[in-house]
Amino acid sequence: MKNIAIPNTELTSSNIIMGCMRINTLSLKEIDTLVKTALDQGINFFDHANVYGGGECETLFSKAVGLTPAFREKLIIQSKCGIRKEETVYYDFSKENILESTDAILHRLNTDYLDVLLLHRPDTLVEPEEVAEAFEILHTSGKVKYFGVSNSNPNQIELLKKYVSRPIIFNQLQYSVVHTPLIDQGIAVNMAIDQSVDRAGQTLDYCRLNEITIQAWSPFQKGFFEGPFFQHPEYGDLTNALMKYGEKYGLDVTGAAVAWILRHPANMQVVLGTTKPERIIAAGKGSGVPMSRQEWYNIYQTAGNMIP
Ligand SMILES: NC(=O)c1ccc[n+]([C@@H]2O[C@H](COP(=O)([O-])OP(=O)(O)OC[C@H]3O[C@@H](n4cnc5c(N)ncnc54)[C@H](OP(=O)(O)O)[C@@H]3O)[C@@H](O)[C@H]2O)c1
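Residues numbered from 1 in each chain as written. Predicted model: local features only at pLDDT ≥ 70, side-chain atom pairs only at ≥ 80, totals over all residues. Heavy atoms only, no water.

Around the ligand, the structure places 28 residues, and the nearest of them are Arg 22, Asp 47, Thr 274, Thr 275 and Arg 279. With respect to the ligand, the side chain of His 120 contributes an N or O atom lying 3.5 Å from an oxygen atom. Thr 275 places a polar side-chain atom, nitrogen or oxygen, 2.5 Å from an oxygen atom of the ligand. Bound to the protein, the ligand loses 90% of the 910 Å² it would expose on its own. Residues that form the shell around the ligand fall into these classes: eleven nonpolar, twelve polar and five charged. (Near = heavy atom within 4 Å. Polar contact = N/O pair within 3.5 Å; in protein donor to acceptor, adjacent residues only side chain to side chain. Areas by Shrake-Rupley, 256 points an atom, 1.4 Å probe, with all protein chains shown as cover. Nonpolar A, V, L, I, M, F, W, Y, C, P; charged D, E, K, R; others polar.)

Printed below as a string of structure tokens:
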């Protein structure tokens, strides 16, 4: 497993993260096995959010793994707040909500601190002074070590940075070989094709310039949770290409899809969502694979993109 030093922190993390959004479908014993498998592969980073399973994923995780103080220190635990699911879904970056959500997360995880807290999805009603106050309270009280955002564009981050004194360390974004708005516009600048439409606000370049580590969520999903792309007829050629190139590096299609994401020199992390230990192992093999430029671009093209 390749480890990366996260810029502007003391964190050294695996470049693969175990995402915990789907673990509420598992028994405590299965969660324990999944976490142990991840740790055995060298994965030391675990991603949560207060809305996953309505909070149940955090509770089950702590119950399953038994977070003793010594064990807790071995893990990097991240959670997110800012999405509220009540009668309707809405976003809330108010100071009160950030503080209350974090306390509830810590209670469910049965831990004194989070290594990382992310703001889950941009709240257009954000008052950045309130975020700054909340982050300061959480940091000085020892409840949160580092902060980041998710699904955010450069100006949203700049707005926060104008007020927030703690550095923004991470931006968690959807990115995979079948979801590439982060890179499409940069590959087809100034062309009159759909690929040239800037959907991501040049967030990749901004994050690289500002040493914000990108965490790629849904590495295998077609669209917005339409299921893994591997067996989808639209992606037959892509799956074959991944199998062909993967074979050269001893990877199955899962590992090759991970290797493709991590080949980008932006030092991203991949957030896996699998609930199967064998898929954690297969994906983990894609962690430090030296895929060539030609292979990487060919896979991108086979996913349906133009190389102008
Ligand atoms: N920041 C955000 O807004 C945001 C949004 C969504 C997710 N996330 C984070 O990202 C993590 C990953 O998201 P995700 O779960 O959507 O990612 P994913 O890893 O792309 O998808 C996982 C799903 O695909 C299935 N799958 C994977 N490989 C498969 C294969 N070879 N064959 C058949 N099924 C396969 C898994 O089934 P099995 O369990 O059976 O393997 C699981 O249901 C989440 O856990 C969460 O931590 C963040």
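So that's the structure; there's more coming.
Across the seven residues that make up strand S10 (residues 168–174), a large majority, seven, are buried. As judged from the three bridges shared by strand S9 (residues 144–150) and S10, these two strands associate in the parallel manner. By the bridge assignment, Phe 147 is partnered in S10 with Ile 168. In this region the chain leaves S9, passes through helix H6 (residues 154–163) and returns to the parallel neighbour S10; the handedness of that crossover is right-handed. (Buried < 20%, exposed > 50% of the residue type's maximum accessible area, 1.4 Å probe, protein only. Helix = DSSP H or I, 4+ residues; strand = E, 2+ residues; numbered from the N terminus. Pairing = 2+ DSSP bridges. Right-handed = clockwise from strand over helix to strand, strands pointing away.)

Glancing now at the packing of helix H9 (residues 236–248) against helix H10 (residues 253–262). Running from amino to carboxyl end, H9 crosses H10 at an angle of 90 degrees, the nearest separation of the two axes being 8 Å. By the criterion of interaxial angle, the relationship of H9 to H10 is roughly perpendicular. Where H9 abuts H10, its residues Thr 239, Leu 242, Met 243 and Gly 246 lie against Val 253, Ala 256 and Ala 257. Per-class residue counts for the contact of H9 with H10 are five nonpolar, two polar and no charged. (Axes fitted to C-alpha atoms, helices over the stretch in contact; angles between N-to-C directions. Parallel < 35°, antiparallel > 145°, perpendicular 65-115°, else oblique. Contact = heavy atoms within 4.5 Å.)

Looking at where Arg 72 falls in the secondary structure, it is placed in helix H3 (residues 69–74). The exposure class of Arg 72 is buried, given its relative accessible area of 3%. Within the structure, the side chain of Arg 72 is placed 2.8 Å from the side chain of Thr 111, a separation counted as a polar contact. The residues touching Arg 72, leaving out its near neighbours within four places in the chain, are Leu 67, Ile 77, Thr 111, Tyr 113, Leu 114 and Asp 115.

With that settled, the discussion passes to the packing of aromatic side chains. Applying the stated rule across the entire model yields 13 aromatic pairs. Ring centres of Phe 46 and Phe 61 lie 5.6 Å apart, and the angle between their planes is 50 degrees; this geometry places the pair in the tilted category. Of this pair, Phe 46 sits in strand S4 (residues 45–47) while Phe 61 is found in helix H2 (residues 56–65), placing the two residues 15 residues apart along the sequence. For Phe 46, a relative accessible area of 0% corresponds to the buried category. Judged by centre distance (5.8 Å) and plane angle (35 degrees), the ring pair of Tyr 175 and Trp 260 falls under tilted. Pair noted here: Tyr 175 is in the loop between S10 and helix H7 (181–187) and Trp 260 is in helix H10, with a separation of 85 residues, a long-range link. Taken as a pair, Tyr 175 and Trp 260 share a single burial class, namely buried. By way of ring pairs, the aromatic residues Tyr 175, Trp 260, Trp 296, Tyr 297 and Tyr 300 are connected into one cluster. (Phe/Tyr/Trp six-rings, centres within 6.5 Å; stacked < 30°, edge-to-face > 60°.)

The next subject is the nonpolar core. If you look at the biggest cluster of nonpolar residues, it comprises 89 residues, and the most contacted ones within it are Met 18, Phe 61, Leu 117 and Trp 260. With eight residues, the single largest contributor to this core is H10. Sequence-distant contacts of Met 18, that is, excluding residues within four places in its chain, are made with Ile 23, Leu 34, Val 35, Ala 38, Ile 43, Phe 45, Phe 46, Asp 47, Leu 272 and Ile 280. Membership of the second largest hydrophobic core comes to twelve residues, among which are Ile 6, Ile 17, Phe 45 and Phe 170. (Core = buried A, V, L, I, M, F, W, Y, C linked by side-chain atoms within 4.5 Å.)

So, about the pairing of strand S8 (residues 114–119). Within S8, six of the six residues are buried, leaving the element largely enclosed by the surrounding structure. A crossover connection joins S8 to the parallel S9 through helix H5 (residues 128–140); in handedness this β-α-β unit is right-handed.

It is worth spelling out H2 at this point. The element H2 is largely enclosed, with a buried count of seven among its ten residues. Here H2 has its buried residues at Cys 57, Glu 58, Leu 60, Phe 61, Ser 62, Ala 64 and Val 65. Where H2 is buried, its residues contact helix H1 (28–40), S4, H3, strand S5 (76–81) and helix H4 (95–109).

As a further point, take the sheet that holds strand S11 (residues 213–217). Remark on secondary structure: sheet strands pair via backbone hydrogen bonds, oriented parallel or antiparallel. Taken in spatial order, the eight strands close into a barrel running S3-S4-S5-S8-S9-S10-S11-S12, and their pairing is parallel. Sheet twist, expressed as the average angle between the axes of neighbouring strands with direction ignored, equals 30 degrees. Across four bridges, the pairing between S5 and S8 is parallel. Within S8, the residue paired with Gln 78 across the bridge is Val 116. Across the face of the sheet, H5 comes into contact with S8, S9 and S10 while running at roughly 150 degrees to S9. Strand contacts of H6: S8, S9 and S10, with the helix running at about 160 degrees to S10, the strand carrying the most contacts.

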